[in-house]
Amino acid sequence: MNQRAPDIAKGTDWLLIWIYLALCVIGLICIFSVEYRTGDNIMQGLLGFKKEYSKQFFFLGASIVVAIFILITDSKFFTATANLSYLFGVFLILVTFVVGKEVGGSKSWIPLGFMNLQPVEVCKIFTSLAVAKYMSRPEMNFSKPRAQIIAAAIAFAPAVLSVLQKEPGAALVYFSFAIAFFREGLPGVYLTVFLSLILLIIASIVVKQNTLFVILTILAIGFVYLVRKKIKRNPRIVVTTILIWGLCVGVQMFLVPALFEKILKSHQVVRILSTFGIDDYKFKNKERAAEIQREYAKQGTARDKGVKGESYNVKQSKIAIGSGGFWGKGFLQGTQTSGDFVPAQNTDFIFSTVGESFGFWGSVLVLLLYFGLMLRIVFLAERQRSTFSRVYAYCVGGILFFHVVLNVCMTIGLAPSPGITLPFLSYGGSSLLTFTILLFILIKLDADRQMVLR
Amino acid sequence: MPVFNQSRSRIVRLVFIAAFLVIVIQLFYLQVISGKYARQADENAIFRKPVLPPRGLIFDRKNRAILNNTLTYDLIVTPAQAKGIDTAFFCRLMEIDVDEYKKRMTKAKQKDRTGYLPYIFESSITPAKYARLNENLWRFQSAFYIQDRPIRTYPFAAGANIFGYTGEVDSNYLKKYTDENYISGDYAGMTGIEASYEKVLRGEKGVQVLLRDKLGRIQGPYENGSLDQEGVAGSNLYTSLDIDLQQYGEKLMTNKVGSIVAINPKTGSIIAMVSSPTYDPSLLTGAQRRKHFNELYPDPRKPLLNRAVNASYSPGSTFKTLQALVALHDGVITTNTTFSCSGAFYGCGGGKPMGCLDPGTYYLRTAITHSCNTYFAHVMQRVINNPKFPNIDSSLNAWNAYMAAFGLGHKLGVDVPTERSGFIPTAEYFNSPKRYGKGHWNFCTFRSMSIGQGEVNTTPLQVANEMAYIANKGWYYIPHVVDSIEGGDKLGLLDKYKQKIVPINIPDSIFEAVHDGMQGVMDGGTGRGSKVEGITICGKTGTVENYYRGVKQPNHSFFCAFAPRENPTIAIMCVVENSGRYGGSYAAPIVSLMIEKYIHDTVSAKRKPLEERMINTDLIPPLMKQEMVKMDSLKKSREDDIQLKNELKEIKDTLQSEDNPTENEIRIEKGRESKPAKDTQENKRLQTQMLDPAKQRKTSFVKTAIKR
């Protein structure tokens, strides 16, 4: 390969780049339509760096510059600096504790003057690299618990720090590394346990405490009864069953109530409850109950109107998307968008703009672009020769998947609103730059897929 | 190793696709299947602002607009946007002080806490303020704007009782007219013609479809106004009212209580309908509406009462004309039948004579001319005791049927609301145990009815209509104000006024006989003082005795007439309540002046002094005057109270300002005080420092803090 004049085009997956650009442009259009009011001077607005669409425009420019730099960087650079960059990322998060700026209740931003940087966001890149680096070690055996624990530690350390910064939404995304782990041979039992746990938690929220306790007990006794013949040969089954039963009951009777009563913030509780349509959760602590009631009132739920608990944001978002119909109201014709009805429409709820202006077909088109992007990434991952590239690709795919699914589900009322962005569409330099770098490192690695990287 | 797990990539893909499908299904549900979100979005963002069309106008017989519209201007404020304006300058423009400004702003904010709900800062601003504000409004842009609002004007300041007034609809009104698309804040006709023709006057509301944001701020027209609906202006009404005559009548009735009703007998159209005392109709429009209403409503003279239709009196001698018609038609007398009066009616025995004024012998014409009570007592005695009826019940009911045919005892159906039905007794009425009971009454029981006293009760409108009936010789149209509606009478409101009513067939000769007598009234009878040169007037005076809570009050002066006899163009009646004296004293001159004004368009110079005298005579009944004095003193004492309170407050304020020195004074005082204070503190500190220096320092600090 010609070292002096690297050919960007060679081996580069242009499909990814086109999808990327398409999404970024759609994002710009959406941000523009949120902010634009009849009579605004478009050119002045776009170049003025005052409006958010103007800022996003410049962020996109900067991102493209960064992307080009990545494409002309040697792939080895990423493997070489993976661990170092990870340390740098963690350091950035730690720095935030000192110089952090509070935005919307969480102190996780570093002000840079022209933009605010969210290290947790950026750290996804470094974590992906670090995870890929660790997983691609030649002596790596992922079936060993030691390897599993280290990998998990790498992946979740920033998440833990993020939770400490009261930004649990951003931390949630770090679960996406599970997809990469799963591909690399994480034993199925983990996933089973994990999914069971989620199921159990949901059940403890939805089903009444005592009812669930009875159900769990019946399940346990039933299981013992079914395997009663095996018990004679292997009495440990009973012990294990009792242990599992005890664990489940512990989660159901103590952990979940503890989460709701003490650990989670009241707005998070309300969000979670409203997603499941529950509005009669019994709080033991009177003060807590009152607090939750206030939070309900604050979020403007429509409980009194007979609609099951639904937070104001989600309700407005659903109205905006639902009112789009099949064909949408047309560009700049959205009444909910121009009327500012959906809060945080530029950032977390940008998808509602798509839904209102371009309707069902527009929404599906955007989703097709996203899922096309993800499936393409999985495809690229599988054609890599080096484990590093493959793991990294899965990390990117997983992160995108989590962001897109959680964000879109939030806007259409299928998931609680954890406050995570929609990649490439949401306004914000931190987010756009992060996803650009994530994606273009992958494109670069893919372009060099003939090399074996470690 | 990678190959080992390759199958898992398929699972990852499947998970991706599954998530995608779940999202698409939910999107399909939200956007395509469920329609409620589109509806909610409209509720959110679309504001349908009603556009009120102008109300219909009302024209008089000379095609002058007697009820018109004009624009008034309200100053509207959006409190949330009023930050940072030059309040002092604004207050100077509005001629208010800053306290008043703050007071109004607080009120505006109380109405709506977000502060984005527009609030009327001042309604119906004066032209001078309007001019000043308009020039400077840009300084207060987005916080203040001027909005126009149509209101009623009355170019001739007359006819308040005919037109009635419009008012803001209240919850009762909304409940009553749920199907008619009113919303609170709308104005609707509450009384008079405004109320009875509300449906045509109001027109159809338009709608302006506007876009608003989440705070309710208007963003502009929705879809460029393509969904807007223009309103339909209210229909104009054409009447036969003569506004000059109306004004003239109101002037003649100054300082009198009563009414005048003038009808065109050929059409039943009302020419003038005066109810006195009245008020300037423009008082009940515009900003001061409520205040004026609160003043008019408790006024003991009851200016809001339309006496022409909503007051009923014994008709007095005007009733005699009808008795003549009945007796002649029944054949119980002829025009030549005579009765003598020796000073009283003794037909019912000596115990209860009914006095008459001029003793002598009368036949019909002279009896009407001189209004002989005895004559008509005999006449009615014959009518009631007519042998063709088996008993008094049937004869009285037959008599009642005559009265009903003449338009008495029931509502005529005029298009001015609040009409009363008056009262003509029936046999059942007297038979009721509450009255006399069956068999316990005869003609003598109610003989005073023969001269229009006693149980009979009529409204001025009914008397005027009865004149139209006599003038027409046997028919009438239901009296009405509105002749036609612009664009046609789609609701059939005028149908009943187009039907000629011929209740019974009475030959013209009988009417001629009555006309003779009525003409005699003017030529040499009870109304001779009111003769008008060049016009043959047929009239009848009435002097109505009346009682208030059993106490006899001064007589009502009645007069009814029609003219000219040959071709009647006006049937008219006037009542002056509690004027004392006779029908010929006040009501007759007023009616004659009205007739002259109507037919000749002016009043002859010769009769000007009479006109002067009528206008200047104060005939407000003494009882009413007493009430007014009472009201005034009450009002005055209330005003005194307020004044006293204000004075007290002022005194208090000055006291307070002495109690609470200004900041400067405080500073000076402090300067004076601080020295000795310091000294004592110093001493204290020295004293206690020896005991516990740290503690002392603390306490002294606390002390100074409190002092500050």
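Residues numbered from 1 in each chain as written. Chains lettered and ligands numbered in written order. Predicted model: local features only at pLDDT ≥ 70, side-chain atom pairs only at ≥ 80, totals over all residues.

Undergrad: Break down the overall build of chain A for me, citing the residues and quoting the values.
TA: The helix and strand tally for chain A stands at 19 helices and three strands. Out of the 454 residues in chain A, the part that is buried amounts to 44%. Summarising the internal contacts of chain A: among those between residues at least 6 apart in sequence, 71% fall at separations of at least 24. (Helix = DSSP H or I, 4+ residues; strand = E, 2+ residues; numbered from the N terminus. Buried ≥ 20, exposed ≤ 12 C-beta atoms within 10 Å, placed from the backbone. Contact = placed C-beta atoms within 7 Å.)

Undergrad: Give a description of unusual backbone geometry that names residues and reports values.
TA: Residues and elements named next belong to chain B. A cis geometry characterises the amide bond from Ser-276 onward to Pro-277, with omega recorded as -5 degrees. As for its position among the elements, Pro-277 is in the loop between strand S12 (269-276) and helix H11 (289-296). Omega for the peptide link from Ala-563 to Pro-564 comes to -20 degrees, which places this bond in the cis form. Within the secondary structure layout, Pro-564 lies in the loop between strand S21 (551-563) and strand S22 (570-576).

Undergrad: Help me get a handle on the sheet that holds strand S1 (residues 46-51) of chain B, residues and values and all.
TA: Residues and elements named next belong to chain B. Taken in spatial order, the three strands of this open sheet run S1-S8-S9, and their pairing is antiparallel. Edge positions in the sheet fall to S1 and strand S9 (218-221), since each has one partner strand and no second. Put simply, the sheet's adjacent strands are angled 40 degrees from each other on average, direction ignored. When strand S8 (residues 206-212) meets S9, the two strands line up antiparallel, connected through three bridges. By the bridge assignment for S9, Arg-212 is matched with Ile-218. (Pairing = 2+ DSSP bridges. Axes fitted to C-alpha atoms, helices over the stretch in contact; angles between N-to-C directions.)

Undergrad: Tell me about the packing of helix H15 (residues 312-323) of chain A against helix H17 (residues 350-382) of chain A, and name the residues and values.
TA: All names here are of chain A. Close contact between H15 and H17 brings their axes to 6 Å; oriented N to C, the two are set at 30 degrees. Taken together, the axes of H15 and H17 are roughly parallel relative to one another. Residues Ser-317, Ala-320, Ile-321 and Ser-323 of H15 pack against Ser-352, Gly-355 and Glu-356 of H17. Residues that form the contact of H15 with H17 fall into these classes: two nonpolar, four polar and one charged. (Parallel < 35°, antiparallel > 145°, perpendicular 65-115°, else oblique. Nonpolar A, V, L, I, M, F, W, Y, C, P; charged D, E, K, R; others polar.)

Undergrad: Break down the sheet that holds S22(B) for me, citing the residues and quoting the values.
TA: Residues and elements named next belong to chain B. Reading across from one edge, S12-S11-S22-S21-S20 is the order of the five strands in this open sheet, with antiparallel pairing throughout. Edge strands, defined here as strands with exactly one partner in the open sheet, are S12 and strand S20 (538-548). With strand direction ignored, the average angle separating the axes of adjacent strands in the sheet is 10 degrees. One ladder, built from ten bridges, connects S20 with S21; its direction is antiparallel. Looking at S21, one finds that Tyr-547 is bridged to Lys-552.

Undergrad: Report on helix H2 (residues 36-45) of chain B, specifying residues and quantitative values.
TA: Residues of H2(B) that are buried: Tyr37(B), Gln40(B), Ala41(B), Asn44(B) and Ala45(B). End-on, the buried residues of H2(B) take up no more than an arc of 115 degrees, which puts them together on one face. Buried residues along H2(B) sit in contact with H15 and helix H16 (335-338) of chain A together with helix H1 (7-33), S1 and S8 of chain B. (Arc of directions from axis to C-beta.)

Undergrad: Which residues make up the environment of Leu368(A), and what values do they have?
TA: Residues and elements named next belong to chain A. Assignment of secondary structure puts Leu-368 in helix H17. According to the C-beta neighbour criterion, Leu-368 is partly exposed, with 13 such atoms within 10 Å. With 349 residues separating them in the primary sequence, Leu-368 and Ile-19 have C-alpha atoms 10.0 Å apart.

Undergrad: How would you sum up the interface of chain B and chain A? Please name residues and give values.
TA: Taken together, the contact between chain B and chain A spans 33 residues of the former and 40 residues of the latter. For the side of chain B that touches chain A, the secondary structure elements donating two or more residues are H1, H2, S8 and S9 of chain B. Sort the elements by how many residues they give to the side of chain B that touches chain A and H1(B) lands first, with 15 residues. A breakdown of the residues in the side of chain B that touches chain A according to their chemical character gives 18 nonpolar, ten polar and five charged.

Undergrad: If you had to explain the environment of Phe59(A) to someone new, which residues and values would you point to?
TA: Residue and element names in this part refer to chain A. By the element assignment, Phe-59 lies in helix H3 (residues 52-71). Sequence separation between Phe-59 and Met-115 is 56 residues, and the spatial gap between their C-alpha atoms is 9.5 Å. If sequence neighbours within four positions are ignored, Phe-59 has contacts with Gly-429, Leu-432 and Leu-433.

Undergrad: An account of the confidence of the model for chain A is requested, with residue identities and associated values reported.
TA: Residue and element names in this part refer to chain A. Per-residue pLDDT for chain A has a mean of 85; in total, 92% of the residues score no lower than 70. Ranking the elements of chain A by mean pLDDT puts strand S1 (residues 101-103) last, at 71, and H17 first, at 94. Within the model, the stretch residues 1-5 combines pLDDT values under 50 with zero contacts to residues more than four positions away or in other chains. A low-confidence stretch, residues 301-309 (pLDDT under 50), is modelled with 20 contacts involving residues beyond four sequence positions or located in other chains. (pLDDT = per-residue confidence, 0-100.)

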